[in-house]
Amino acid sequence: MNSITKKKSIILLSVGMLIIALTQIFAHYVELSDLIKGSFTGIGIGILLIVLTFGKSKLIRSN
């Protein structure tokens, strides 16, 4: 798999965190089944892991 550009990385990080946050907020006000909560949280974590694994980021090395 090719590396993801920096712009796409930032967008996907935001989307992943937004999915997790919205799931938690929505579950607070509406009764959701465990399957739905787990599925959306898993999707959010999966997106975050994909970005961290394949995302293009520069490592800062101190000399």
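Residues numbered from 1 in each chain as written. Predicted model: local features only at pLDDT ≥ 70, side-chain atom pairs only at ≥ 80, totals over all residues. Heavy atoms only, no water.

### With respect to the overall build of the chain
Phase 1: Within the chain, the regular secondary structure consists of two helices and zero strands.
Phase 2: Across the 63 residues that make up the chain, the buried fraction comes to 16%.
Phase 3: Here the chain displays about 5400 Å² of accessible surface, and carbon together with sulfur accounts for 67% of that area. (Helix = DSSP H or I, 4+ residues; strand = E, 2+ residues; numbered from the N terminus. Buried < 20%, exposed > 50% of the residue type's maximum accessible area, 1.4 Å probe, protein only. Areas by Shrake-Rupley, 256 points an atom, 1.4 Å probe, with all protein chains shown as cover.)

### As for the packing of helix H1 (residues 6–29) against helix H2 (residues 34–54)
Packed helices, taken two at a time, are described by the angle between their axes plus the distance between the axes.
Phase 1: Taken N-terminus to C-terminus, the directions of H1 and H2 make an angle of 160 degrees; their axes are 8 Å apart at the nearest point. The pairing of H1 with H2 is recorded here as roughly antiparallel in orientation. When the axes of H1 and H2 are compared, the crossing they make is left-handed. On the side of H1, the interface is formed by Ser-9, Leu-12, Leu-13, Val-15, Gly-16, Met-17, Ile-19, Ile-20, Thr-23, Gln-24 and Ala-27, while H2 contributes Lys-37, Phe-40, Thr-41, Ile-43, Gly-44, Ile-45, Ile-47, Leu-48 and Val-51.
Phase 2: Classifying every residue of the contact of H1 with H2 gives 13 nonpolar, six polar and one charged. (Axes fitted to C-alpha atoms, helices over the stretch in contact; angles between N-to-C directions. Parallel < 35°, antiparallel > 145°, perpendicular 65-115°, else oblique. Left-handed = near helix turned anticlockwise from the far one by under 90°. Contact = heavy atoms within 4.5 Å. Nonpolar A, V, L, I, M, F, W, Y, C, P; charged D, E, K, R; others polar.)

### Points about the pattern of salt bridges
Phase 1: All told, the structure shown has one salt bridge when counted by the stated rule.
Phase 2: The salt bridge involving Asp-34 is made with Lys-37; its shortest N-O contact spans 3.9 Å. Within this pair, Asp-34 and its partner Lys-37 are both found in helix H2, separated by three residues, close to a single helical turn. (Salt bridge = Lys/Arg side-chain N within 4 Å of Asp/Glu carboxyl O.)

### Things to note about H1
Phase 1: Between the first and last C-alpha of H1 there are 35 Å, a value that for 24 residues agrees with the 34 Å anticipated at 1.5 Å per step.
Phase 2: Of all the residues in H1, the buried ones are Ser-9, Gly-16 and Thr-23.
Phase 3: Contact partners of the buried residues in H1: H2. (Expected span 1.5 Å × (residues − 1).)

### Digging into the environment of Ile-43
Phase 1: Here Ile-43 is to be found in helix H2.
Phase 2: In this structure Ile-43 comes out as partly exposed when scored by relative accessible area, which is 43%.
Phase 3: For the pair Ile-43 and Gly-16, spaced 27 residues apart in sequence, the C-alpha separation works out to 7.6 Å.

### Re the environment of Ser-9
Phase 1: Relative to the assigned elements, Ser-9 resides in helix H1.
Phase 2: A distance of 2.9 Å separates a polar side-chain atom of Ser-9 from the backbone oxygen of Thr-5. (Polar contact = N/O pair within 3.5 Å; in protein donor to acceptor, adjacent residues only side chain to side chain.)

### What about the environment of Ala-21?
Phase 1: By the secondary structure assignment, Ala-21 is in helix H1.
Phase 2: Residue Ala-21 is classed as partly exposed on the basis of its relative accessible area of 35%.

Any link to function would need more than the numbers given here.
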